[in-house]
Amino acid sequence: MLKCRTVWKKLAPLARSSSTVCRQNVRRTVLNNGRTPTCVPAANMSTGPGGLGGDNLKYVVMVGAACVGSLTYAYFLLKGDQKRYQERMEEIMTRSQRAATEEPAATIQSEPPAVEATKTQAVPEPVPEAAPSLEKSSPPAPETEAAVASETTAPPPAAADSTPASLKVPAHTPYLLIGGGTASFAAARSIRARDPGARVLIVTEEPDLPYMRPPLSKELWFSDDPSVTETLRFKQWNGKERSIYFQPPSFYINPEELASAENGGVAVLAGKKVVHMDVRGNKVKLDDDTEISYDKCLIATGGVPRNLQVIERAGEEVMKKTTLFRKIEDFKSLDKVSRNVQSITIIGGGFLGSELACALGRRSNESSLEVIQMFPEKGNMGKVLPEYLSNWTTEKVKKEGVKVISEALVKSVTCKDDKLEIHLKDGRLVKTDHIVAAVGLEPNVDLAKSAGLEVDSDFGGFRVNAELQARSNIWVAGDAACFYDIRLGRRRVEHHDHAVVSGRLAGENMTGANKPYWHQSMFWSDLGPDVGYEAIGIVDSSLPTVGVFAKATAKDTPKAATEKSGTGIRSESETEDTATSPEASVTPAPPVTHKDDYGKGVIFYLRDKVVVGIILWNVFNRMPIARKIIKDGEEHADLNEVAKLFNIHED
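- The name given to the protein chain in an unreviewed UniProt entry is Apoptosis-inducing factor 1, mitochondrial, and the organism recorded there is Stegastes partitus.
- What UniProt records for the protein chain under Catalytic activity (unreviewed entry) is the sentence "A + NADH + H(+) = AH2 + NAD(+)".
- Regarding the protein chain, the UniProt comment filed under Cofactor (unreviewed entry) reads as follows: "FAD".

Digging into the packing of helix α8 (residues 182–194) against helix α17 (residues 496–510)
And then number 1: One can describe the packing of α8 onto α17 by two numbers: an axis separation of 7 Å at closest approach and a directional angle of 35 degrees. When you trace α8 past α17, the crossing you get is right-handed. Contacts from Thr 182, Ala 183, Ala 186, Ala 187, Ser 190, Ile 191 and Arg 194 in α8 reach His 496, Ala 499, Val 500, Gly 503, Arg 504, Gly 507, Glu 508 and Met 510 in α17.
And then number 2: Split by residue class, the contact of α8 with α17 holds 7 nonpolar, 5 polar and 3 charged.

Details of the packing of aromatic side chains
And then number 1: A full pass over the atoms with the stated rule returns 14 aromatic pairs.
And then number 2: Considering the side-chain rings of Tyr 388 and Phe 549, the 6.2 Å spacing of their centres and the 85 degrees angle between planes classify their relative orientation as edge-to-face. In this pair, Tyr 388 sits in helix α15 (residues 387–399) while Phe 549 sits in strand β26 (residues 545–550), placing the two residues 161 residues apart along the sequence.
And then number 3: Overall, Tyr 388 belongs to the partly exposed group, its relative accessible area being 30%.
And then number 4: Grouped by ring-pair contacts, the aromatic residues Phe 351, Trp 392, Phe 523, Tyr 533 and Trp 617 constitute a single cluster.
And then number 5: Between Lys 631 and the ring centre of Trp 518, over which it is positioned, the NZ or CZ distance is 4.3 Å.

Considerations on the sheet that holds strand β23 (residues 489–491)
And then number 1: If you walk across this open sheet you meet the 3 strands as β19-β22-β23, and the pairing is mixed. Two strands close off the open sheet at either side, each with one partner strand: β19 (462–463) and β23.
And then number 2: Two elements, β19 and strand β22 (residues 481–485), share 2 bridges in a ladder whose sense is parallel. Directly across from Phe 462, in β22, lies its bridge partner Ala 481.

Some points on unusual backbone geometry
Trans peptide bonds make up the majority, and among non-glycine residues the majority have a negative phi.
And then number 1: Not every positive phi belongs to a glycine, and Asn 621 is a case in point at roughly 60 degrees.
And then number 2: Mapped onto the elements, Asn 621 comes out in the loop between β28 (610–617) and α20 (623–632).
And then number 3: On the accessibility criterion, Asn 621 (34% relative accessible area) is partly exposed.
And then number 4: Backbone geometry at Asn 647 places phi at a positive 55 degrees, although glycine is not the residue there.

Considerations on the environment of Ala 171
And then number 1: With respect to the helices and strands, the residue Ala 171 is situated in the loop between α7 (163–166) and β1 (172–178).
And then number 2: The spatial distance from the C-alpha of Ala 171 to the C-alpha of Thr 290 is 8.4 Å, given a sequence separation of 119 residues.
And then number 3: Those residues in contact with Ala 171, other than ones at most four positions away along the chain, are Glu 291, Ile 292 and Ser 293.

A few points about the environment of Ala 448
And then number 1: You can see Ala 448 is positioned in helix α16 (residues 448–451).
And then number 2: Of the residues examined, Ala 448 reaches a relative accessible area of 7% and is grouped as buried.
And then number 3: Linking Ala 448 and His 276, residues 172 residues apart in sequence, is a C-alpha distance of 9.2 Å.

Examining the pattern of salt bridges
And then number 1: Across all of its chains, the model carries 22 salt bridges by this definition.
And then number 2: Note that Lys 320 is salt-bridged to Glu 316, the shortest N-O span being 3.8 Å. You can see Lys 320 and its partner Glu 316 sitting in helix α12 (residues 316–320), 4 residues apart, about one turn around the helix.
And then number 3: Here the residues in one salt-bridge network are Asp 335, Arg 339 and Arg 363, joined through shared partners.

A closer look at the sheet that holds strand β10 (residues 322–324)
And then number 1: What the 5 strands build is an open sheet, ordered β10-β17-β11-β12-β13; its pairing is parallel. Only two strands of the sheet have a single neighbouring strand rather than two, namely β10 and β13 (402–405). Adjacent strand axes in the sheet meet at a mean angle of 20 degrees, parallel and antiparallel pairs treated alike.
And then number 2: Across 4 bridges, the pairing between strand β11 (residues 343–347) and strand β17 (residues 434–437) is parallel. Across the sheet, Ile 347 pairs through a bridge with Ala 437, a residue of β17.
And then number 3: On the sheet, helix α14 (residues 351–364) packs against β11, β12 (370–374), β13 and β17 and is oriented at approximately 160 degrees with respect to β12.

Rules behind the numbers
- Residues numbered from 1 in each chain as written.
- Predicted model: local features only at pLDDT ≥ 70, side-chain atom pairs only at ≥ 80, totals over all residues.
- Heavy atoms only, no water.
- UniProt positions renumbered as here; feature names shortened; annotations may be inferred.
- Axes fitted to C-alpha atoms, helices over the stretch in contact; angles between N-to-C directions.
- Helix = DSSP H or I, 4+ residues; strand = E, 2+ residues; numbered from the N terminus.
- Left-handed = near helix turned anticlockwise from the far one by under 90°.
- Contact = heavy atoms within 4.5 Å.
- Nonpolar A, V, L, I, M, F, W, Y, C, P; charged D, E, K, R; others polar.
- Phe/Tyr/Trp six-rings, centres within 6.5 Å; stacked < 30°, edge-to-face > 60°.
- Buried < 20%, exposed > 50% of the residue type's maximum accessible area, 1.4 Å probe, protein only.
- Lys NZ or Arg CZ within 6 Å of the ring centre and 35° of its normal.
- Pairing = 2+ DSSP bridges.
- Salt bridge = Lys/Arg side-chain N within 4 Å of Asp/Glu carboxyl O.

What follows is the structure, encoded as C-alpha cells:
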C-alpha cells in the first residue's frame, strides 16, 4: 500500500494537468463553433473520486498500472538478488571456517598412526622390510625423503592398513586391479611400462603390500635369523638376501594422491574387499559401501586354500588347531606353532605339502618336533611325477626327518585330551598336536555372480579368451583365470611364474597390445637346497612319460644353480629368455648304472606322441629350450636325442 500511495502522489500532478488541458480545448471549440455544447464532459476530466472516467482516464490508469507492475518486478528482482548474495557470502564464510578447522584436524590426525605404530612394535610384523629394501633401491627425491623416512619406520602392513580410517578413496581410476598378489603387481608394472603416466589402483583384501608367496614355504624356513617372522627377509640359495616384498612402500603413492599425480603412479588400497561389480556401469563396490568407477579392470583375486570336509565338520576346536597355509599371517602362525608343539601333521603330498614337510623336517633335526606327512597317493608328488620318481622323492623326504604315511584317506578328525586324533579309512590312527591342510587351492570367483562373468565348469576360475579377456574392458590373470592356451588348449595354472606371465600379458593388453597367451610359464619346487626341479606345460602322472637321467654332480643343485645365475626366484630370469637353436651335446648318453640313481635328468610328458610337458630334474637354466620344444609341437622318434639338447651328460 505504501508503494501504491507513493506512485499515486507522483502521477496526480500529471492527471490534473491533463484535465486542465482538456477543459481549455473544450472552451476553444465552443467559441469557434459559436454555440455552447449541451453537455460539457467536465466531470469526465475530474480527478476526484466522483469522476466517471473517459479516454484520458483510461490512459492514466494504463500508465499507472505499467508503473506499478514495473516497480513490483524491480522490487522482487532486487529482493531475490539480495537473498542470493547473502547465501553466497554465507557459503564463502563457511568454506573458510571449514578450511581453518580442517588444517588443525589434519595435523592432529597425522599423529595417532605414529603413536599406534610405536605401540604395536612389539607385535611381530615386517617392520625392517622397507629400510633394507631402500638400500638397494634408487635414492628418493629430496622432497620425498621425509615421507619415505616416516614410512620406513613403520611396517608396510601397518602403513597400508592405517590408511582406510582417514583415507579418501578415489572415486575413479583409469586402471583398477582387484587383488594384491603377483599377477596384479606384474600387471601394474606392465601398464606403467607401456603407459608411463598411467594411474593404477590396486585393491587388496590383505593388509600387506604386494609380495611373493614362494618363499613362505621355501627359503624363509631355512633362515638362521630368529626374527625372520618380523623382517620377512631371507637368504636365497645363492647367499644373497632380499625381502619377500616386490617393492618398498616408497615405490607406491598414496591413493588419495592418485588422481592428482602429475606422472601417475601405482597406489595400493589395502584391507579392502571388492564385494560387488557393476560391469555395465564400470564400477565396483567395496565392503564399506564405497564405490569406485574405472575405465579398465583386472581381476586377479587368486584363490582360497581348500580344506577337508571332515575337518570342517569336526567343529571349532579342531579348526583352531588347523592351518590353511597361504598368506604371511599363516607363515607367522605356523612358525609359532612349530616352536610350541611336539607334533605337526601335514595332509597333502603336492608341491606345498612336500615343501613344508621338508622345511619342518629340517627344523625337527634341531628340536624334538615330530613331523608327519600323509597323502592318498603312493608317493610324494604322485599326481605330477611318474611313480618311480615319486617313490624316490618320498625316500628323500624321509631322509629330511619326516614320517611319511602314504595311501592315507582321512575318515574323521576328533580332539581328545588336547590332542587331535586322525582316523584313516583303513583303520590307522594318527595322534598329533596340529594339522596343516595342504590339499589344493580353490579359485576365488566370488565376483562372478554380480559381474555376470562365466566360470569354467571343468577347471574352475573365470573363463577368458587367449588375450585373458572376460569382457571388452575386463581382464583376468593369475590363479583365477581359466584361459585358452593356443598350444595346449584351455587351462588353469596355479604357480608363481604363471602369475608373472599372465599378469604381464594382461597389463599389456589393457594398454592395447591385443596379444594372445603363447608364452609357456614354468614352475619350480625345491625340496631343500639339494634337490629341485623346474617344469613347464602339462605335467600329469596319468600321461605317458619318458625319462632320461644322468649322474648328478655338485653343481646340479638349486643352491649351485642360483649361485651361478645370481637369482633366487628363478622365474624372474627364466620368463625373459627365449630359446634359439640350441646345440646338442656331442657326448653320447651313458647308460644309467643304478636304476634308482635319479641325480639329474629330463622327463617328457606325451599326449598323442607329442611332448606337452617337461620336468627338468636338478637341471637348471635350460627352460627356454623346453619351452621351444613344447611350442614346436612336433613328434620325436627318439627322445634320448632330444634330451641331449639339455646337455645333461656334461660334467
